[in-house]
Amino acid sequence: MPKVYIETYGCQMNVADSETVASILAKSGYELTDNMHTADVVLVNTCSVRENAETRVYGRLAVFRQLRKANPDVIVGVLGCMAERVKENLITKQGVDLVAGPDSYRTLPELLSKTSSGGKAIDVELSTEETYAGICPTRLESNGISGFVSITRGCNNFCTYCIVPYTRGRERSRDPKDIITEALDLQSRGYKELTLLGQNVNSYAFNETRHETRDTRHETQNPIPDTRNLTPDTWSFPRLLEEVALAVPGMRIRFTTSHPKDMSDETLRVIARNSNICRHIHLPVQSGSNRILKLMNRKYDRDWYLSRIRMIREVLPDCGITTDVFCGFPSETDDDHQDSLALMKEVRFDFAFMFKYSERPGTYAADHLPDDVDEEVKSARLQEIISLQGEIGLASNRSDIGKVFDVLAEGTSKKSKVQLYGRNQQNKVIVFPMEDKKPGDIVRVVVTDCTGATLKGDRV
Ligand code: 5AD
Ligand code: SF4
């Protein structure tokens, strides 16, 4: 059996996609390996969201070219967003053998057979329908405790800075039957937690007869009202979330990523009445400035975002709230930046992913909005954002001292063999004494101490 090695970069969607790829290849006679030196096929699943994500992959491709010096027969393939964005240049300029975009994975066996006779193969066709229905992912790199289930593919939002709608294509919602089958499969394998994944999970809409492929690209300046027809037999996100929670009552359910414009009260109520849905919402704000939010085509303003936060706190008082925020978007002034800092102070996020704007070729911003914030200014603003969030995150952790949480143990602490680490529902990492417990157990822990990054606790 030929051996295939898969390396994954980028978001959790890519991890889930690599599992789909592994399943497709296993079915057509490939054996998975985690040793690239003995592999016949080396695949790298890639991310294009910021330039530095691509730079890392180019570095890996150089390593794979070295690998080929030792074994000229090895086939190197690029999958995912970079495959979709860079296309045949990966073959002509980087010397790879195979390029497959996010909707082409079913054709991988054929593509690979083309390359086995020394040829090159490329398929970067995007689909409006492919959801990998009927393929049960092969779990990779997993701790056997928490797994992913993708519920939507693609994105229709066309935020002006973002490459994802171009690399992953139109939004499609997967059949709820497949989603629940995958949840049950994880449960039967002993998994304790699953994360429902999508670029924008809360716009999930599945109708047996109608498939949504609406392209909102031209709505940038003139939002068209959402015409989605949510009939009683349509599955909305809150309905799906609740059905999954009920189907696997012994598992914890998480979901990511939510778009603020689609964050419904109904979803919050579903979380409130299902104790196995984690009290954690990741709600990327991106900027605190109304002017910048408009230029980003985020379709909400600061007040809308803050009203969503108030609603979360009202319905789910103990909910962890995290975000993505980035500085240096075209034309961002110091006032705009101050608006972002002020919003962070007002919301007090428990955690944030923080970035500098990175211009992505082909996006609306790259074509229409000059990348005009100096690199030093971007760096200085990012530093301010990071240090503010550092203070807020530490204060958030300190306020947990004395509280008791149910923690799902995920593994042995790196620093001590007699300590376990895990996460509470709010998604904070807690380290605590192992005693008679093991990874996979839910353990009651009282928080006794913290750093900016982790909570420390004792068994209750
Ligand atoms: N530059 C910087 N950050 C970006 N993100 C997406 N596109 C860009 C870009 N061009 C960030 C957003 C998004 C997260 C996944 O990555 O914050 O939520
Ligand atoms: Fe990109 Fe916006 Fe879609 Fe998120 S919602 S993937 S930021 S276009």
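**Q** Please explain the nonpolar core as it appears in this structure.
**A** The tendency in soluble globular proteins is for nonpolar side chains to be buried as a group. Membership of the largest hydrophobic core comes to 63 residues, with the highest contact counts inside it found for Leu194, Leu196, Val244 and Ile281. Of the residues that make up this core, three or more belong to each of domain 2 (142-219 + 231-278) and domain 3 (282-399). Apart from residues lying up to four places away in sequence, leucine 196 is in contact with Val149, Ile151, Ile179, Val201, Phe237, Leu241, Val244, Ile253, Arg254, Phe255 and Thr256.

**Q** What should I look at first to understand the site of ligand 1 in this one?
**A** Near ligand 1 you find Val49, Arg50, Tyr161, Gln286, Asp324, Phe326, Phe355, Lys356, Tyr357, Ser358 and Arg360, and these make up its full shell. The side chain of arginine 50 places a nitrogen or oxygen atom 2.8 Å from an oxygen atom of ligand 1. Measuring from an oxygen atom of ligand 1, one finds a side-chain N or O atom of glutamine 286 at 2.6 Å. Elements with a contribution of two residues or more to the shell around ligand 1: β15 (320-327) and β16 (351-356).

**Q** Quick question: what am I supposed to make of the pattern of salt bridges here?
**A** Where charged atoms from two side chains of opposite charge come close, those side chains can pair. Counted according to the given criterion, the structure contains 33 salt bridges. For arginine 172, the salt bridge is made with aspartate 103, and the minimal N-O distance between the two is 2.9 Å. Of this pair, arginine 172 sits in strand β9 (residues 172-173) while aspartate 103 sits in the loop between β5 (98-100) and α5 (108-116); the two residues are 69 residues apart in sequence, bridging distant segments of the chain. The same class applies to arginine 172 and to aspartate 103, which are both buried. Between arginine 381 and glutamate 332 there is a salt bridge, with the nearest N and O atoms lying 2.9 Å from each other. Of this pair, arginine 381 sits in helix α14 (residues 375-398) while glutamate 332 sits in the loop between β15 and α12 (334-347); the two residues are 49 residues apart in sequence, bridging distant segments of the chain.

**Q** Would you take a moment to explain the site of ligand 2 for this structure?
**A** Around ligand 2 lies a shell formed by Cys155, Asn157, Phe158, Cys159, Tyr161, Cys162, Val164, Pro165, Gln199, His259 and Arg298. Its residues placed into classes, the shell around ligand 2 shows seven nonpolar, three polar and one charged.

Definitions and limits used
- Residues numbered from 1 in each chain as written.
- Chains lettered and ligands numbered in written order.
- Predicted model: local features only at pLDDT ≥ 70, side-chain atom pairs only at ≥ 80, totals over all residues.
- Heavy atoms only, no water.
- Core = buried A, V, L, I, M, F, W, Y, C linked by side-chain atoms within 4.5 Å.
- Buried < 20%, exposed > 50% of the residue type's maximum accessible area, 1.4 Å probe, protein only.
- Domains from an automatic or database assignment.
- Contact = heavy atoms within 4.5 Å.
- Near = heavy atom within 4 Å.
- Polar contact = N/O pair within 3.5 Å; in protein donor to acceptor, adjacent residues only side chain to side chain.
- Helix = DSSP H or I, 4+ residues; strand = E, 2+ residues; numbered from the N terminus.
- Salt bridge = Lys/Arg side-chain N within 4 Å of Asp/Glu carboxyl O.
- Nonpolar A, V, L, I, M, F, W, Y, C, P; charged D, E, K, R; others polar.

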